[in-house]
Every structure is written in C-alpha cells, then in structure tokens.
Amino acid sequence: MFYIYIVPISGQGLGCIEELQRCVEHAFGVKTKCRAFNVNLPDTFDPHRKQYNSSLILRQLIAAPPADAYKILGITGMDLFIPILTYVFGEAQLDGIGAVVSLHRLNNQFYGLPENPGLMHDRLLKEAVHELGHTFGLLHCFHPGCVLNASTYVEDIDQKSRELCFTCRETIRLK
Amino acid sequence: MKPADIGILIVDDEASVRDALYKWFKFDGYRVDTAEEATSALKKLQEDSWEIVLLDIKMPGMDGLELQRQIKKIDKDIITIIITAFASVDTSIQALKEGAFDYIVKPIDPDDMSHLIRNAVEQRRLLTENMQLRQQIEEISYPEEIVGESPALKKVMDKVATVAQTDSTVMIRGESGTGKELIARAIHSNSNRRYFPIITINCGSYAEGLLESELFGHEKGAFTGALYRRRGKLEMADKGTIFLDEIGNIGEKMQMDLLRVIETRQFTRLGGDKLISVDFRIISATNKDLEKAVREGSFREDLYYRLNVFSITLPQLRERKSDIALIARFFVNKYSQSMNKTVTDLSPETLDMLMRYHWPGNIRELRNVIERAMVGARGPRIEVSDLAFPFHPSSKLSSEETLEAVEKNHIKDILDRTGGNVAQAAGILKISRLTLYNKIGKYRLKK
C-alpha cells in the first residue's frame, strides 16, 4: 500500500495535522502518514533574501523517499522563495513525488492583522491540496472555486474551496 | 487563445531562473521551453513557433539586446520580455526602445508576473487578430460586384491596378449607374491606405452650408443647432481616402475651400480656429461634363486640374453588352440568396431581351430590373413575363440606326407585347389606329 507522507519541517506545531490528513485523503483517495524527515533547513537559507529556497527544500525532501511513499508533502513555517519570484506559498513537482507548503504568508500576522489560527489552517489545507494536485499532474484550473485555481495573493486562497472541481477530479481518474 | 496555444521560450544562463520560470508557466498550461544562451535560443526560434520570449539581458556570448535584435529579424511580432537585475535597468530601457514589450527586475512579485504575462498574451492575441482581419480585407480587395470580362472593363481594371499603387488624385467619369463608387472602393482597397477608412460624401445631396459642415466638421456653437463638436468627413478620412461623389455639383465657395484643403492638407472646423492637418487621398466622381463647366466658368479651372490628375472613364453598359449576361446572373444569384428564392438563371428569351435593351440607367437599372423580376419569379428561371412593365426591351437601338429602323423595331416590339392587338398597341404608342395600320403596311409588319 502507498501513502501520501505529510512531513512537518520547521518543528512548528501545526495544530491541525489530523484535519490536514483527512482533507488530503478526501481529495485524492489515498491514505496519509505523518512523519518527520531529515531536512537541513540552514542549507536552504539565502542570507541576502532572508528566505528559504523552496526548490532546495524539495530536493532534500525527495532525496530518499520511503518505499511506500506515493507522494511527499513538506510543511514549513519558513518564508519560501524561488529565484525569480519574491515569494511562493509552496512548490511542487509537476507529475512528480514531492511538494512543499509554507505557513509563513498564510498567517494573518504577516500582513499586520490579528492572528486567526482557523483561517490560517483553512489556507494551509487548500495550499496542501493545491500543491499535491500538481504532483498528480494537474495544471492551474480556471474554475473559480477549484482548489487548483492559481493564487498569487493570500486573498486569492480565501476565494477558493478545498475541493477539486469535477474536471480536475476526472483528469486524475483518467491518468 | 488558450494557454496551450501560447509558446513561451525562456532564455537565461542561470539554471535556477530557467527552471523556476519553466515550472511557473507550465503550471498555467503554457507551452514552455528553455535555452541557456543565445545560439540555442535562436535555433529553437527557427525550429518552432514562439509567441513570447523572456530573455536575460546579461548572458555570456551574445547579450539579451543583440538576441532581441536577432529575434525581431526572425519574427518582428514575437513579444520579448527582458529579465534584468536592478543594476541594468538602463539597458532594459534601451531594450524597450528597440521593441521589448516589458522588463522584469529580479525578483518579481508573483502577481506582477501574472499580470505581465496576461498583458503579453493579450497583446499577442490582438496582433494575431489584427493580422487575420487584414488578411480578410486583402481577400475582399476587389469588390465582388465589379463583374464582367469585356475588354472595356478590363481596361478600367488595369487602370485601377496601376493607380491604386500610387497616391495620385483620381477622377472617375461615367454615366449614372456605371459603378463609380465601386471603382473608387476598388482603388482604395488595393492601395497602401486600405487599412484606413474610405469616407464617401455625396456632394450633390447637401446644401452649400451643410456640405461645408459635413466636410470640415464644426465646433460646439458654430451655428444654431451645433450642440457639440463634430468631426468632419475629412478628419475621419485621415490616412485613408475621401471619395467626393458628384463633385460637379459643388458651389463656388466650396470649390475654393476644397482647393485650399487640397493644396495645404489643412483646414479648420466651422467656428474653430485650430488648424487640423490631415493626410488623405482624394478620389472624385462625376457624370457631368466638367470641361464644359470650366469653359462656362461654373467650375474652377485650378480645382479641375487638381482633381483630374488621373482620370478613369467607365464604359456605359450598352458599350459592354457582352457583360450583361454575367452581370444579370450575378444579381440573380445575389437576390436568390437574400430573398431565399430558388431562381437560379434567366431564360434565353429573357437574356435576349436584356441584351437588346439600351440601358440608359446602366448597371443600376439592370440590378433593379433583376430585383423586381426576382420578386415575382415563380419558376427556376426568370422568364420574359417576370420582367416588370415599365421595363421593356427597346429596339436594337444604336447610334448607327436610322429613325425609320428605330420606329419599325419599336412598333414591332409593342405589337409583340400586345399579341398583335392594334388598338392596344396604338394606345401605348399614343397614335391613332389608322396611323398604326399605315405604319404596319409601310414596314410590312405582321399584326
């Protein structure tokens, strides 16, 4: 049997890990496991940008996958970037095994707003399903409510649901 | 345009930038490829079609600026976006001057990147649409209603093809209904001004003051009823063609104003003082004897010479009788579609009758005759009986025929139409029965 591995990276208490597992299992119909992996975060840190390179984190995450790993999803509290962009909420391998999501910019406190753990967890669930969707080969979806709809601002995440639309579900089933 | 229809090529010597951009665009569904330097980028550009190229300004070997120049040589419509670090913004501005769509300063906000690509895709879509529309215009460059194969028409079309390539002022002469406006449109459609409008103004249908306002436009309050500023037809024809129909009908003041505009290409709106410069070609048309008007002093000689740089005289329909069948069939086909009729042709008798008529109203009259016949036609062909009453074939009228021959043929036609009824024929001819009997005897006609 194969599993989607959910890997807390930063050591930050997630507080919603069980809900995240349920959400992922519901979206993709694959059982999940929560495990800690050996990821060396300082190696991915860019001192000029004071951010963590998500591509380097991803590389470490998938370096030695467990034999029963179908997909691996890393969750971190660090601020992530890819070289050309100022930030990313997460990164995934298209039709691959690994994905990573950051909580950093999902937290209202980052925008100078009062903390709202419920909203942050909701955003995390959506971004987790979104990035994992890419590992299943899904591209950004133009259906407004679909979780695979592209989000460049945090407000965009709040506009969409946690669910894959019918077309995206059909696409995965066909593969 | 769907994302999959858009090809994006990323040219950057940094693998991390290439990979990040590749993934970013791939997730949005675009067709993406990468190149790490200019030579391989140019090879990919030759091998496949790319709509958007993102290129780093600083690369080993050929830099981004030079690469952009090479790309524009391959396809000037490819949209180029420059990737730069803050330090080389000056170079990016140079790239913009040389045709780049925009530039990205690394690192870029994800939302700005999305907007930039959306705008670039929209620009590309508009370019494609523009090219398609131009192509459609090219395809209709000769108005389809110019029908005929007669030497007289071929001569006219040769002249159209010759003058269309120049910017010369053209005067089209011809009787009413010979298709002067169609020829003006054919000249415009085949000229370099074809992507700009051809504006027609019928000089004969306006009173002097109104024509002035139509041509030059007016400012708000220029005269009673001028409630707002209005652009004139000359302004609307900027970069295109102005077609002045019935030019022989304009008054003395208008002739003077028009001459000034032709000489300076500048004018002011009525009630305005701002000089407006315009760039247009003039095609004029008339069915009048302008030379006579010049001799009589009712048309300015200087304006006549300005307008009559290149002259095209359209043949009368009776001078191109071999085209009558083609034109008639063209109108049958046209009206059978628009009237949803199953009429597809004309009977040989009808064609014979059309050929014998002298068509004083030229093609316009022929069109009206066919249109009227189509309304009443019931069979698959237009029969002689479908032709409406006011139209009747004249005798074989030609300039060489004697008065007696004309009279004989006319009486014969009327007798044919009345089935030999002398009383009815005399009534139509407005002569007495006795006179008609005398003429039947004289010309040895059958009753």
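Report on the accompanying structure.

Criteria and cut-off values
Residues numbered from 1 in each chain as written. Chains lettered and ligands numbered in written order. Predicted model: local features only at pLDDT ≥ 70, side-chain atom pairs only at ≥ 80, totals over all residues. Heavy atoms only, no water. Helix = DSSP H or I, 4+ residues; strand = E, 2+ residues; numbered from the N terminus. Buried < 20%, exposed > 50% of the residue type's maximum accessible area, 1.4 Å probe, protein only. Contact = heavy atoms within 4.5 Å. Areas by Shrake-Rupley, 256 points an atom, 1.4 Å probe, with all protein chains shown as cover. Core = buried A, V, L, I, M, F, W, Y, C linked by side-chain atoms within 4.5 Å. Pairing = 2+ DSSP bridges. Axes fitted to C-alpha atoms, helices over the stretch in contact; angles between N-to-C directions. Patch = residues over 30% accessible without salt bridge, like charges linked within 9 Å, V, L, I, M, F, W, Y side chains within 5 Å. Salt bridge = Lys/Arg side-chain N within 4 Å of Asp/Glu carboxyl O. Buried area = accessible area lost by both parts, 1.4 Å probe. Polar contact = N/O pair within 3.5 Å; in protein donor to acceptor, adjacent residues only side chain to side chain. Arc of directions from axis to C-beta. Expected span 1.5 Å × (residues − 1). 1 Å grid on protein atoms, 1.4 Å probe; cavity = no way out; pocket = protein on both sides within 12 Å on 5 of 7 lines; lining within 4 Å. Points joined across faces, edges and corners; volume = space filled by probe spheres on them.

Considerations on the overall build of chain A
Phase 1 of the analysis: Helix and strand counts for chain A come out as five helices and eight strands.
Phase 2 of the analysis: Mapped in sequence order, the helices and strands of chain A form the string β-α-β-β-β-α-β-β-β-β-α-α-α.
Phase 3 of the analysis: Each of the 175 residues in chain A was classed as buried or not, and the buried ones make up 53%.
Phase 4 of the analysis: Relative to all contacts within chain A whose residues are 6 or more apart in sequence, the contacts with residues 24 or more apart total 66%.
Phase 5 of the analysis: Summing over all exposed atoms, chain A offers an accessible surface of approximately 8000 Å²; the carbon and sulfur share of this is 54%.

Comments concerning the nonpolar core
Phase 1 of the analysis: Counting residues in each nonpolar core, the largest one holds 40 residues, and the members touching the most others are Ile84 of chain A together with Phe25 and Met113 of chain B.
Phase 2 of the analysis: Only strand 1 (3-8), helix 2 (54-61) and strand 5 (69-76) of chain A together with strand 1 (7-11), helix 1 (15-27), strand 3 (52-56), strand 4 (79-84) and helix 5 (110-139) of chain B provide two or more residues apiece to this core.
Phase 3 of the analysis: Those residues within four positions of Ile84 of chain A in sequence are excluded, and the remaining contacts are Val17, Ala20, Leu21, Ile83, Lys106, Pro107, Ile108 and Met113 of chain B.
Phase 4 of the analysis: Among the nonpolar cores identified, the runner-up in size contains 36 residues, and Leu103, Leu125, Leu138 and Val154 of chain A belong to it.

Let's talk about the sheet that holds strand 13 (residues 281-286) of chain B
Residue and element names in this part refer to chain B.
Phase 1 of the analysis: Strand order in this open sheet of five strands is 7-10-13-6-14, and the pairing throughout is parallel. Sheet topology places strand 7 (198-202) and strand 14 (310-313) at the edges, where each strand pairs with a single neighbour. Each neighbouring strand pair of the sheet contributes to a mean axis angle of 20 degrees, computed without reference to strand direction.
Phase 2 of the analysis: Pairing between strand 6 (residues 170-173) and strand 14: four bridges, direction parallel. When the sheet's bridge partners are listed, Met171 is paired in strand 14 with Ser311.
Phase 3 of the analysis: Packed onto the sheet, helix 6 (residues 151-164) meets strand 6, strand 13 and strand 14 and runs at close to 155 degrees relative to strand 14.

Quick word on a nonpolar patch on the surface
Phase 1 of the analysis: A grouping of Phe110, Tyr111 and Leu113 of chain A is seen on the molecular surface, where their side chains present a nonpolar patch of about 260 Å² in accessible area.
Phase 2 of the analysis: Relative to the assigned elements, Phe110 of chain A resides in the loop between strand 8 (98-102) and helix 3 (117-135).

Details of the pairing of strand 6 of chain B
All names here are of chain B.
Phase 1 of the analysis: Side chains of strand 6 alternate between two faces, with Val170 and Ile172 and Met171 and Arg173 buried alike.
Phase 2 of the analysis: Sheet topology note: the strand 6/strand 13 ladder contains four bridges and is parallel. For Ile172, the partnering residue across the bridge sits in strand 13 and is Ala285.

Quick look at the interface of chain B and chain A
Phase 1 of the analysis: Counting residues at the interface gives 20 residues for chain B and 18 residues for chain A.
Phase 2 of the analysis: For the chain B and chain A pair, buried surface summed over both sides reaches about 1700 Å², with 71% attributable to carbon and sulfur atoms.
Phase 3 of the analysis: If you look at where chain B meets chain A, you find one salt bridge.
Phase 4 of the analysis: Those elements that place two or more of their residues in the side of chain B that touches chain A are helix 1 and helix 5 of chain B.
Phase 5 of the analysis: Considering each element in turn, the side of chain B that touches chain A owes the most residues, eight residues, to helix 1 of chain B.

Re the side chain of Ser102 of chain A
All names here are of chain A.
Phase 1 of the analysis: The topology assignment puts Ser102 in strand 8.
Phase 2 of the analysis: Looking at Ser102, the relative accessible area reads 2%, which means it is buried.
Phase 3 of the analysis: A distance of 3.0 Å separates a polar side-chain atom of Ser102 from the backbone nitrogen of His104.
Phase 4 of the analysis: Excluding residues within four positions of it along the chain, Ser102 makes contact with Thr76, Gly77, Met78, Asp79, Leu80 and Phe89.

Comments concerning the pattern of salt bridges
Opposite charge on two side chains permits them to pair, given that their charged atoms come into close proximity.
Phase 1 of the analysis: Scanning all chains against the criterion turns up 41 salt bridges over all chains.
Phase 2 of the analysis: With a closest N to O distance of 3.2 Å, Arg125 of chain B and Glu129 of chain B form a salt bridge. Placement of the pair is Arg125 of chain B and Glu129 of chain B together in helix 5, with a separation of four residues, close to one helical turn.
Phase 3 of the analysis: Residue class for Glu129 of chain B comes out partly exposed when judged on its relative accessible area of 35%.
Phase 4 of the analysis: Between Glu181 of chain B and Arg185 of chain B there is a salt bridge, with the nearest N and O atoms lying 3.2 Å from each other. Of the two residues, Glu181 of chain B and Arg185 of chain B both sit in helix 7 (residues 180-189), four residues apart, roughly one turn of that helix.
Phase 5 of the analysis: In the salt-bridge network here, residues are joined through shared partners; they are Glu19, Asp122, Lys126 and Arg162 of chain A.

Quick notes on helix 14 (residues 348-356) of chain B
Residues and elements named next belong to chain B.
Phase 1 of the analysis: Of the positions making up helix 14, those classed as buried are Thr350, Leu351, Met353 and Leu354. Projection of helix 14 onto a plane perpendicular to its axis shows the buried side chains occupying an angular sector of 160 degrees, all on one side.
Phase 2 of the analysis: Looking at the buried residues of helix 14, the elements they touch are helix 13 (324-338), strand 15 (345-346), helix 15 (362-376) and strand 16 (381-382).

A word on the sheet that holds strand 3 (residues 45-46) of chain A
Residues and elements named next belong to chain A.
Phase 1 of the analysis: With respect to topology, three strands assemble into an open sheet ordered 3-4-6, the strand pairing being mixed. In this open sheet, the two strands that pair with only one neighbour each are strand 3 and strand 6 (80-81).
Phase 2 of the analysis: As defined by bridge partners, strand 4 (residues 51-53) adjoins strand 6 across two bridges and the pair is classed as parallel. What sits directly across from Tyr52, in strand 6, is Leu80.
Phase 3 of the analysis: Strand contacts of helix 2: strand 4 and strand 6, with the helix running at about 50 degrees to strand 4, the strand carrying the most contacts.

Topic: the environment of Leu94 of chain A
Phase 1 of the analysis: Secondary-structure assignment places Leu94 of chain A in the loop between strand 7 (90-92) and strand 8.
Phase 2 of the analysis: Separated by 37 residues in sequence, Leu94 of chain A and Glu131 of chain A place their C-alpha atoms 9.0 Å apart.
Phase 3 of the analysis: What Leu94 of chain A contacts, discounting residues up to four positions off in sequence, is His134, Gly137, Leu138 and Leu139 of chain A together with Lys26 and Phe27 of chain B.

Examining helix 1 (residues 17-28) of chain A
All names here are of chain A.
Phase 1 of the analysis: In this model helix 1 runs 17 Å from its N-terminal to its C-terminal C-alpha over twelve residues, within 8% of the 16 Å that 1.5 Å per residue would give.
Phase 2 of the analysis: Along helix 1, the residues that are buried comprise Leu20, Gln21, Cys23, Val24, Ala27 and Phe28. End-on, the buried residues of helix 1 take up no more than an arc of 165 degrees, which puts them together on one face. Those residues of helix 1 that are exposed and angled more than 90 degrees off the buried face are Glu18, Arg22 and His26.
Phase 3 of the analysis: Trailing helix 1 by a residue or two, Gly29 shows a phi angle of about 65 degrees, which is positive.

Quick notes on the layout of surface pockets
Phase 1 of the analysis: Counted as a void, the largest pocket has a volume near 1100 Å³.
Phase 2 of the analysis: Lining the largest pocket are 47 residues; nearest its centre among them are His140 of chain A together with Trp24, Phe25, Phe27 and Asp28 of chain B.
Phase 3 of the analysis: Secondary-structure elements contributing two or more residues to the lining of the largest pocket are helix 2, strand 7 and helix 3 of chain A together with helix 1 and helix 5 of chain B.
Phase 4 of the analysis: Sorting elements by how many residues they give to the lining of the largest pocket places helix 5 of chain B first, with eight residues.

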